[in-house]
Amino acid sequence: MKFVSYTYPWLENILKKEIEARKIKVLDSGPWFVKFEWNVSTMVKMNLWLRTANKVYLLLWEEKITDFDKLFDLVYSINWKYYIPKNFKININPHIVKSQLSHIPSIQSIVQKAIIKKLVWNENYSFDEDKNIEIRIDIFKDNLKVLLDTSWEALYKRWYKKDISKAGLKETLTAGILQLINCKDNLFFDPFCGSGTILIEKAMIDLNIAPWLKRNFLFEKFNWVDKNILEKEKWRAGTRRKEKNLLYFWYDIDPSMVEIARENIKNAGLEKYIKIEKKDFLDIDIKWTMLTNPPYNKRIKLENIDQIYNKLFNDLQNVNCGWVITWYENIDKIWFDNFKVRVLSNGWDKVKFFYK
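Residues numbered from 1 in each chain as written. Predicted model: local features only at pLDDT ≥ 70, side-chain atom pairs only at ≥ 80, totals over all residues. Heavy atoms only, no water.

Undergrad: Any chance you could explain the pattern of salt bridges here in plain terms?
TA: Between side chains of opposite charge, pairing is possible as soon as their charged atoms come close. Counted by the stated rule, this structure contains 16 salt bridges. Where E62 meets K145, a salt bridge forms, and the shortest distance between an N and an O atom there is 3.6 Å. Here K145 lies in strand β7 (residues 143-149) and E62 lies in strand β4 (residues 55-64), a separation of 83 residues in the sequence. K311 serves as the salt-bridge partner of D315, at 2.7 Å between the closest nitrogen and oxygen. A residue pair is termed a helical-turn pair when its members lie 3 or 4 positions apart in one helix, as D315 and K311 do in helix α10 (residues 305-318) at 4 residues. (Salt bridge = Lys/Arg side-chain N within 4 Å of Asp/Glu carboxyl O. Helix = DSSP H or I, 4+ residues; strand = E, 2+ residues; numbered from the N terminus.)

Undergrad: Looking at this structure, I do not really get the sheet that holds strand β11 (residues 289-292). What am I missing?
TA: One key point about sheets: their strands pair by backbone hydrogen bonds, in either a parallel or an antiparallel sense. Strand order across the open sheet formed by 7 strands is β10-β9-β8-β11-β12-β14-β13, with mixed pairing between neighbours. Strand pairing shows two members of the sheet lacking a second neighbour, β10 (274-278) and β13 (340-346), which therefore form its edges. Averaged over neighbouring strand pairs, the angle between their axes works out to 20° when direction is ignored. Where strand β8 (residues 187-190) meets strand β9 (residues 247-252), 4 bridges bridge the pair, whose relative direction is parallel. Its bridge partner lying in β9, D190 is registered against W250. Along the sheet, helix α9 (residues 255-268) contacts β9 and β10; its crossing angle with β10, the most-contacted strand, is approximately 165°. (Pairing = 2+ DSSP bridges. Axes fitted to C-alpha atoms, helices over the stretch in contact; angles between N-to-C directions. Contact = heavy atoms within 4.5 Å.)

Undergrad: Please clarify how the side chain of T42 should be interpreted in this entry.
TA: Structurally, the position occupied by T42 is in helix α2 (residues 40-49). Residue class for T42 comes out buried when judged on its relative accessible area of 3%. Residues contacting T42, with those up to four places away along its chain left out, are I24 and F36. (Buried < 20%, exposed > 50% of the residue type's maximum accessible area, 1.4 Å probe, protein only.)

Undergrad: Could you clarify how one ought to interpret the sheet that holds β7 in this entry?
TA: The mixed open sheet is built from 7 strands, whose spatial order is β2-β3-β1-β4-β7-β6-β5. Only two strands of the sheet have a single neighbouring strand rather than two, namely β2 (25-30) and β5 (88-97). Recorded for the sheet is a direction-independent mean angle of 30° between the axes of neighbouring strands. With 5 bridges connecting them, strand β1 (residues 2-6) and strand β3 (residues 33-37) associate as antiparallel partners. The residue of β3 that forms the bridge with F3 is F36. Across the face of the sheet, helix α1 (residues 12-21) comes into contact with β1, β2 and β3 while running at roughly 20° to β3. Across the face of the sheet, helix α3 (residues 68-77) comes into contact with β4 and β7 while running at roughly 125° to β4.

Undergrad: Got a minute to help me understand the environment of F353 in this structure?
TA: With respect to the helices and strands, the residue F353 is situated in strand β14 (residues 349-355). By relative accessible area, F353 is classed as buried at 0%. Expressed as a C-alpha distance, the spacing of F353 and I325, which sit 28 residues apart in the sequence, is 4.4 Å. Residues within four places of F353 in sequence aside, it is in contact with I177, L180, I181, W323, V324, I325, K340, V341, R342 and L344.

Undergrad: Looking at this structure, how should I read the nonpolar core?
TA: Counting residues in each nonpolar core, the largest one holds 118 residues, and the members touching the most others are W80, I84, I115, I135, L270, W323 and W335. Excluding residues within four positions of it along the chain, W335 makes contact with Y309, L312, F313, L316, V324 and F354. (Core = buried A, V, L, I, M, F, W, Y, C linked by side-chain atoms within 4.5 Å.)

Undergrad: Is there a simple way to explain helix α7 (residues 197-206) in this structure?
TA: Burial analysis of α7 places 9 of its 10 residues in the buried class, the great majority of the element. T197, I198, L199, I200, E201, K202, A203, M204 and D206 are the residues of α7 that are buried. Immediately beyond the C-terminal end of α7, within one or two residues, lies N208, with a positive phi of roughly 55°.

Undergrad: How should I be thinking about helix α6 (residues 171-181) in this particular structure?
TA: Along an α-helix, a turn takes 3.6 residues, which lines up residues three or four apart on a common side. For α6, the buried fraction is high: 9 of the 11 residues fall into the buried class. Listing the buried residues of α6 in full gives E171, T172, L173, T174, A175, G176, I177, L178 and I181. Where α6 is buried, its residues meet α1, α7, β11, β12 (321-326), β13 and β14. Count one or two residues on from α6 and you reach N182, which has phi positive near 55°.

Undergrad: Hey, could you run me through the packing of aromatic side chains in this one?
TA: The relation between two aromatic rings is expressed through the spacing of the ring centres and the mutual angle of the planes. Tallied over the entire structure, the rule returns 23 aromatic pairs. On the numbers, 5.7 Å between centres and 85° between planes, the contact of Y83 with W224 is edge-to-face. Taken as a pair, Y83 in helix α4 (residues 80-83) and W224 in the loop between α7 and α8 (227-239) lie far apart in primary sequence, 141 residues in all. For W224, a relative accessible area of 12% gives the class buried. Considering the side-chain rings of F189 and F249, the 5.0 Å spacing of their centres and the 20° angle between planes classify their relative orientation as stacked. Of this pair, F189 sits in strand β8 while F249 is found in strand β9, placing the two residues 60 residues apart along the sequence. Here a set of aromatic residues connected by ring pairs shows up, and it is made of Y309, F313, Y328, W335, F336, F339 and F354. The ring centre of Y76 lies 5.5 Å from the NZ or CZ of K117, which sits over that ring. (Phe/Tyr/Trp six-rings, centres within 6.5 Å; stacked < 30°, edge-to-face > 60°. Lys NZ or Arg CZ within 6 Å of the ring centre and 35° of its normal.)

Listed below in structure tokens is the structure:
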């Protein structure tokens, strides 16, 4: 069996390393994706463990294609009755780049017709509006991939997160950055904690907690997946948790965000590692390591924003290790001269990542 996982730009190499660390054979990688192979247990394991993947798909077909008739025939040739549970509504999700077949509505219509024609067991067959399954159609430079979603909701939606901040980082992006800089300290500060994504993700990495341990997956509905595999892999994941002497300090000036972060910490079972309180960043003495996502003065407006960034600049110079991720427009050249910098995507937003 072959699988494809997608991620954000520049995270592909980190995702590849995550997969290879699980002793899984990587077949190919490129912009936004990593392709690998193994078996059903691998699919379950990757859904539980991949920190930087947006979804895990089963690759059902791969072939060069340039006309609509061939597209219909290839899709129709797949044994959809085996892969898709009865009564599930089919959602076709095309992604087309530099290909002769480029008309999205036509591709969706043809793929939908081919699948439904293959799926109809009898004239009384009907689809359940509450049961949805995604079929992703990737055509890149005329190379077709037909992919079956095994994850359901996007994997960045962590199980511990019941509420979010106005300007939070995607969990997958956060996990990728944390693995990139690899700060080794056991004491961390986040003076703009928001809903708590950064240090919860850091703690889960340090303690080797599976990021998707407490959520449901689409593959649980598949008849061809042994129901015992998920329970077995969850049990194994639980045995791999480590214990370390960690202490993370969280602060936020907004009392409502402090309460949201406190609830997320509790949901993640990390209360003993993370201390949180309401506090103004300008009153905080930052030590050891700082990891933070401060306001950019876009979604969250602040009158003292320049004062905040002056202190951030000084604090980042003085800590052992750290990073600041921002899209504040008035950051001057001195930031670029003193720290390493990359431009990243946070969903549809571009952000600058300064680190040392």
